[in-house]
Amino acid sequence: MKYICCMDLSVSFIIPVFNRPDEIKELLDSFYKQQTQHLFEIVIIEDGSRISCFSVVEEFIPKLNIKYLKKANTGPGDSRNYGMQHASGNFFVILDSDIILPKNYINQVLLFICTNNVHCFGGPDLAHDGFTNLQKAIDFTMTSFITTGGIRGGKKQIQTYEPRSFNMGISKEVFLKTAGFANIHPGEDPDLSIRIQKLGYKTFYLAEAGVFHKRRISWKKFINQVYKFGLVRPILMKKHPETKKVSFFFPSIFSLFLVLAVLFSLFDFYYPLVLCLVYLFVVSLVSFIKLKSITISFYVIISTLIQFSGYGFGFINSFFFIHLLNKNPRSKFPFLFFKGEKQF
């Protein structure tokens, strides 16, 4: 494990994009507005898009140091690996295309890397004031301590924190030793984080380097997203059994409890249902205190139910087939895997 010298630090931002030219425009504009004197490289990987973002990238080439790469569609994980293979830097910061950077983001990241000898970090995702009420509600549900936002870990769980690829940094040394992301999606980022930890590297949580994460979401997309998250976790637990946590089972337990509560209420036994309603009221109240919006607090109730039930029943489905019936994940859930160099 090499010490990272600030004098030699060279950062490349790795951004895969798939049919999202408008998002890239917002992201590159936020790069241009960074309040920093540090030099950096931006590597954009067009992952087999039908709608190219090259015309948008061209606008920023005179203003930013951009490397534009184009390849066949092999998924976000393999595209990030491709970008890191062609990047000039010795430290890679990986972002999703639906990100907007706060103006001091780069300064915070470079300061943290230099002062802590960091080989891997992850930062939080935030809701921008300009986001829609739906985006803000889903962001709250995905990140709040009162839902499932604390499962990833934080400052007090440095050894077990799993950075996510919407805001994640790894050194070139780590990339070369791990071969990067596997071809599972979603789940490629916690898998990489776990493999990094197994090699003896710490995965740091950098609270000061948050990004605005738009999530480009609708209710339908959100249901599909959290269901896939639920499917993936038992697969990760099978590959990395040492990562099992009781907290991973909570959404499934809540979902089953809610179903039973509704059934019991049909027979005039209301106490379990009342407990569920009290919890949802508390979640809504906390969101109202934070976001000051009745509309968003109502949306939070819906998004919380979707998150717990979607993730919970996806988890149950996957756990049954992968752990109890010992099915092959790729054969049982082929839609979770892309073709890529780094196999899961």
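Residues numbered from 1 in each chain as written. Predicted model: local features only at pLDDT ≥ 70, side-chain atom pairs only at ≥ 80, totals over all residues. Heavy atoms only, no water.

Trainee: How should I be thinking about the sheet that holds strand β5 (residues 99-100) in this particular structure?
Mentor: In a beta sheet, neighbouring strands are held together by backbone hydrogen bonds and run either parallel or antiparallel to one another. With respect to topology, three strands assemble into an open sheet ordered β5-β10-β7, the strand pairing being mixed. The open sheet is flanked by β5 and β7 (125-126), the only strands paired with a single partner. One ladder, built from two bridges, connects β7 with strand β10 (residues 211-213); its direction is parallel. Bridged to D125 within β10 is V211. (Pairing = 2+ DSSP bridges. Helix = DSSP H or I, 4+ residues; strand = E, 2+ residues; numbered from the N terminus.)

Trainee: Before we go on, may I ask you to explain the sheet that holds strand β3 (residues 66-71) in this structure?
Mentor: Reading across from one edge, β3-β2-β1-β4-β8-β6-β9 is the order of the seven strands in this open sheet, with mixed pairing throughout. A single partner strand is all that each edge strand has here, and the edge strands are β3 and β9 (204-205). In the sheet, strand β4 (residues 91-95) pairs with strand β8 (residues 167-171) via five bridges, with the strands oriented antiparallel. Within β8, the position partnered with F92 by the bridge is I170.

Trainee: Explain the pattern of salt bridges here, please?
Mentor: Any two side chains of opposite charge can pair if their charged atoms end up close together. On inspection of all chains with the given rule, the structure shows 13 salt bridges. Between R80 and D96 there is a salt bridge; the shortest N-O distance is 3.6 Å. Placement of the pair is R80 in helix α3 (residues 76-86) and D96 in the loop between β4 and β5, with a sequence separation of 16 residues. The exposure classification of R80 matches that of D96, with both residues buried. The salt bridge partner of R80 is E188, with a shortest N-O separation of 2.9 Å. With R80 in helix α3 and E188 in helix α7 (residues 188-198), this pair connects stretches of sequence that are 108 residues apart. Residue classification places R80 among the buried positions, given a relative accessible area of 2%. (Salt bridge = Lys/Arg side-chain N within 4 Å of Asp/Glu carboxyl O. Buried < 20%, exposed > 50% of the residue type's maximum accessible area, 1.4 Å probe, protein only.)

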